[in-house]
Amino acid sequence: PESYAVLDGTTVDWGNGTEVSKGEFGAAFAYQSLDGETNDLKFADNEGAGLFRLELPLVIGNDCWNTGTDVTQHAVCPGTTANLVWVGLSEKAESNDGMNCPYQEDPTAVPTTAAPSTAEPSYKPTTLVPTSMPVAAETYKPTREPTEVPPTPQPTVISTYAPTVAETAPADVARFNCTAYDGALLRIEDRDLTLRMADGSFEAVWELPGDDDVKGVALHTESEDEDETRLYGAFGDKLCEFDEEAKRCLDGTLEFEPDAATIVDWTYYYGKDLGTSEGKLAFVEDVDDGPDFSDSYDFPMAHFNGTLRSFVLLREAEDVDEDIEDMDGDAIGSGDDGEYLVGVSDDGKVVVIKLDDGEPEENYAVLHASYDGEGPVTAMVFDGDAVYFTSESGLYKIDLPIVVAEWCWDGEDVVCYYNEDKQEPEDEDYMPQITYVGPADAGGTSGLVCGSLTFEQTQPSYAPTPEAGLALEPFDCTVNFHPVQVMKTDDEDYYSVMQLDPASGEYEEVYDLEHLITDDGHVNAVDLWLDGDKYYVAGSVRADDDEDSKLCFFDSEDKVCLEEDLEETKANAGCILNDNFYYAKDLGEGERSVYWVEGIGSSEPVFHSKDDAEFVVDENLYEKSVLDFVGITENEMEFIDDGEEERSYLVGLGQGFEVVVIRLEDDGTPESYAVLESEVGCVDTDNLGQPVDCDAYEDEKEEWEDEGETSAFGAAFNFRAPDWSMVQTYFASNEGWGIFELVYPLEVPDECWNSGEEDHSVCDEGAQLLWRMPSEKSKSNDGMNCPL
């Protein structure tokens, strides 16, 4: 060592990490490509702040290097800085040091399913994780590139037993390393073993050995001996044990190529075409030592859609509730006695096949269940506590026990717990409960799990996830990019989602909402909520006139609602800004304010009450009420000139063209409001240089001025750039006067802001509204739109 230098300062890019003021770095790692061209330096903080990458190169002048032993002559290098980037989590550590193997490519990240934010399966390796990232330093689990391929397991224990095999030169087959995937959901897709990631996608772990298609893959995990965690699958007509590199096939021939399979107590259960008249079941006992291949059993089935592509084996449940224990039937779950194969049909019916000493009994049960997703159903697993499966709609859970009443076993023409005549469920106390857990890409075949899938938070009733998406159809912004209203037209008694035709001013139906409410129900205060890269319609929904209003997400066929009631029944103004829903009813009539639901995409949204309101609107400041508003956020552009930087606001329009601006605190709380009188006009071209028919505006204006009329503005629209560098706000007249654009910025000085309940006033400053296009009359309406 010749000399050293100390840089003058360090900046830290915290990314998704939690900022701290200082760190203690007891583990350092240096990666270098074999050609010597690439260096990657990382440091782990002992207090658990994270793993950091040092950005290279560092620029250090010759005069910055300190030598010798006289430290009074040593100095910090002036004007030099380094940059650290937070790249992943790290645990707390003490008395530690780091080391690593070099690499040729970027290190593979440990799968980020480890710590989901909304009740998604997580796992945490309890021993060294087999990965190209360091295994000696257990202080962190890097998340360098969340889209990289998950770790490639390197077996550490080699099989020592020798089952009977047909191959002339059997290869050693390693046990499956369950430690590395404890609690994670794995799935076979084509010829890959894949792992479910936090966003619901499945990333390849490794490719299955050989060239044959592999069906009916099952994992044996029951023994406490880790050496007995073994993978089996059907390679053609052979049942083979396999790992990443090799397979060895048992001496015997399968009766058929399976659609579904599972393995319990070293017995391999497999089936084909279950759900049709050609259904078959078969078994292979003692696959670990002297396998016994049974004949197949014909098992025709009906009463559900599709075939069973996956199933699990359950037993008679133990420690069930007294009312279930006393019933005439079977409670199925986790226990030691009995054998039941359980699958789920494409239409969400739970199918149960009872076995007698490994052989199927003649009858089976088809149970109606509380499932609202869509098939096909694949990758069923039993983790010891519940059953899980994937479908086109996501990852779902079946609560245990599954109750099969005695009358469900006749297998003739009955779907149990469902009244065919009334077309509705019955005996709902016994009906299987299937609930949405989180996102999952459709596809795959066999499912595998090591240990219990764990869930850190309770799902809300509609079960959204920050990155995942609802079990609803997203709103199609590729075709519905004009102003949109949820409204009742004059000739209909139901609500519809309608899109404006800018040329004619008429609204055209996107889809109706007859399924959403009764004739006496109410829908309003709507907007689009962004979940990941998808938009969903949300708003205040009152299903019937004797019910309270709820915040619901909905599409053309279904809805999912938050459990808690909204503060206002039949809210008629609303918008979504970031992850908050703001709403009001007849704002400006009576002592009313703006209310909000905080974190509507989180697992525990907060419903703020009237007691949380920081102001009450003075009904004397503008004509009647504000019936819709939009939300805007300032980043670099200033839309509200109030001496404040980077604030958020709600903007609505009174029925005399008064502009009402509501300022929000940093935490989203509505803080105060201002009222500005406006001038209304028209110019010959719009913002895009397109012509505007100002003659039509003059005709409308003459009519409303002669009659001395006012108009509600029940639909507001906010077209904006993704980074909020540009905003265009429009309001549609319910009287059919047209659509008006608000001109930004608005000047709103300090004295214009009203809070509390007294001494409120109209602002001396004014606003400008411009007529842009015609619009037809509307009633009971609210506006929304896709962003630019």
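Definitions and limits used
Residues numbered from 1 in each chain as written. Predicted model: local features only at pLDDT ≥ 70, side-chain atom pairs only at ≥ 80, totals over all residues. Heavy atoms only, no water. Helix = DSSP H or I, 4+ residues; strand = E, 2+ residues; numbered from the N terminus. Buried < 20%, exposed > 50% of the residue type's maximum accessible area, 1.4 Å probe, protein only. Contact = heavy atoms within 4.5 Å. Areas by Shrake-Rupley, 256 points an atom, 1.4 Å probe, with all protein chains shown as cover. Phe/Tyr/Trp six-rings, centres within 6.5 Å; stacked < 30°, edge-to-face > 60°. Lys NZ or Arg CZ within 6 Å of the ring centre and 35° of its normal. Pairing = 2+ DSSP bridges. Axes fitted to C-alpha atoms, helices over the stretch in contact; angles between N-to-C directions. Salt bridge = Lys/Arg side-chain N within 4 Å of Asp/Glu carboxyl O.

**Notes on the overall build of the protein**
- Within the protein, the secondary structure is distributed over 2 helices and 53 strands.
- Expressed as a percentage of the 788 residues in the protein, the buried residues total 53%.
- At a minimum sequence separation of 6, the contacts of the protein that also span at least 24 residues come to 61%.
- Of the roughly 35500 Å² that the protein leaves accessible, carbon and sulfur atoms contribute 41%.

**Quick word on the packing of aromatic side chains**
- Tallying each qualifying case throughout the model produces 34 aromatic pairs.
- Between the aromatic rings of F25 and F52, the centroid separation amounts to 5.8 Å while the plane-to-plane angle is 85°, which identifies the pairing as edge-to-face. Of this pair, F25 sits in strand β2 (residues 25-32) while F52 is found in strand β4 (residues 51-54), placing the two residues 27 residues apart along the sequence.
- For F52, a relative accessible area of 2% puts it in the buried group.
- Ring pairs connect the aromatic residues F657, Y697, W704, F713, W737, F740 and W771, which therefore count as one cluster.
- For R187, the ring lying beneath its charged end belongs to F202, and the centroid distance is 3.7 Å.

**Quick look at the sheet that holds strand β37 (residues 550-554)**
- Read from one edge to the other, the open sheet built from 4 strands follows the order β35-β36-β37-β38, with strand pairing classed as antiparallel. Each having just a single partner strand, β35 (522-531) and β38 (559-565) make up the two edges of the open sheet. Taking the axes of each pair of neighbouring strands and ignoring which way they run, one obtains an average angle of 25° across the sheet.
- Two elements, β35 and strand β36 (residues 534-542), share 8 bridges in a ladder whose sense is antiparallel. Of the residues in β36, the one forming a bridge with N524 is S540.

**A short note on the pattern of salt bridges**
- Following the criterion strictly, the structure yields 19 salt bridges and no others.
- Linking D565 and K550 is a salt bridge whose minimum nitrogen-to-oxygen distance equals 2.8 Å. Highlighted residues: D565 in strand β38 and K550 in strand β37, separated in sequence by 15 residues.
- The exposure class of D565 is partly exposed, given its relative accessible area of 31%.
- Looking at K550, the relative accessible area reads 24%, which means it is partly exposed.
- Among the ionic pairs, R663 bridges to D642, the shortest N-O distance being 3.0 Å. Of this pair, R663 sits in strand β46 (residues 659-664) while D642 sits in the loop between β44 (640-641) and β45 (648-653); the two residues are 21 residues apart in sequence, bridging distant segments of the chain. For the residue pair R663 and D642, the accessibility class agrees, reading buried in each case.
- Each of D642, E644, R647, R663 and E671 takes part in a single network of salt bridges with overlapping partners.

**Notes on unusual backbone geometry**
- At the junction of L56 and P57, the peptide bond is cis and its omega measures out at 5° in the coordinates.
- Tracing the sequence through the fold places P57 in the loop between β4 and β5 (77-90).
- That bond from Y744 to P745 is cis: its omega, 0°, falls within 30 degrees of zero.
- Its identity is not glycine, yet Y417 carries a phi of approximately 70°, on the positive side.
- Among the structural elements, Y417 can be located in the loop between β27 (402-405) and β28 (418-419).

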